[in-house]
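Analysis of the macromolecular model
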Amino acid sequence: MAFKIPYELKCSCNRTFQADIYEYVFVEYDPELKDMILSGGFNMVTCPSCEETFPIENRFLYRDEKNKLWVWVCKEEEMSKRKRLEKELLEKNVQIKGH
């Protein structure tokens, strides 16, 4: 089970569009997402105007219960806000029933 959140994005062609971006990855339910992350194909979007495909670098929570692994991925510039953002992600996760 993974959760996508709608984001408003802007392409290099200046077109603004909406795309769903993963914020939570529970690899025990969606093992193919692990492969997407490792191959560099994770959170790729395509502009509907110019058809350019590019990655979206957003923070996300990666969970692999089988291996007892939780990883919070964020941009380097967000590290100073890590504790607050980590708490926010964990609070949202508590609201996800059964997880």
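This text gives an overview of the structure that appears in the document. These numbers come from a predicted model, not from an experiment.

**Some words on the side chain of Glu 23**
- With respect to the helices and strands, Glu 23 occurs in strand S2 (residues 16–26).
- You can call Glu 23 buried: its relative accessible area is 9%.
- Among the polar contacts listed, one links the side chain of Glu 23 to the side chain of Tyr 7, at a separation of 2.3 Å.

**Some words on the environment of Asp 30**
- Positionally, Asp 30 belongs in the loop between S2 and helix H1 (31–39).
- Overall, Asp 30 belongs to the buried group, its relative accessible area being 17%.
- Distance from Asp 30 to Asp 64, taken between C-alpha atoms, is 10.0 Å for residues 34 residues apart in sequence.
- Beyond its immediate sequence surroundings of up to four residues, Asp 30 is in contact with Met 1 and Ala 2.

**Side note on unusual backbone geometry**
- Backbone geometry at Asn 43 places phi at a positive 55°, although glycine is not the residue there.
- Within the secondary structure layout, Asn 43 lies in the loop between H1 and strand S3 (44–46).
- Backbone geometry at Lys 68 places phi at a positive 55°, although glycine is not the residue there.
- Looking at where Lys 68 falls in the secondary structure, it is placed in the loop between strand S5 (60–64) and strand S6 (69–73).

Quick notes on the rules
- Residues numbered from 1 in each chain as written.
- Predicted model: local features only at pLDDT ≥ 70, side-chain atom pairs only at ≥ 80, totals over all residues.
- Heavy atoms only, no water.
- Helix = DSSP H or I, 4+ residues; strand = E, 2+ residues; numbered from the N terminus.
- Buried < 20%, exposed > 50% of the residue type's maximum accessible area, 1.4 Å probe, protein only.
- Polar contact = N/O pair within 3.5 Å; in protein donor to acceptor, adjacent residues only side chain to side chain.
- Contact = heavy atoms within 4.5 Å.

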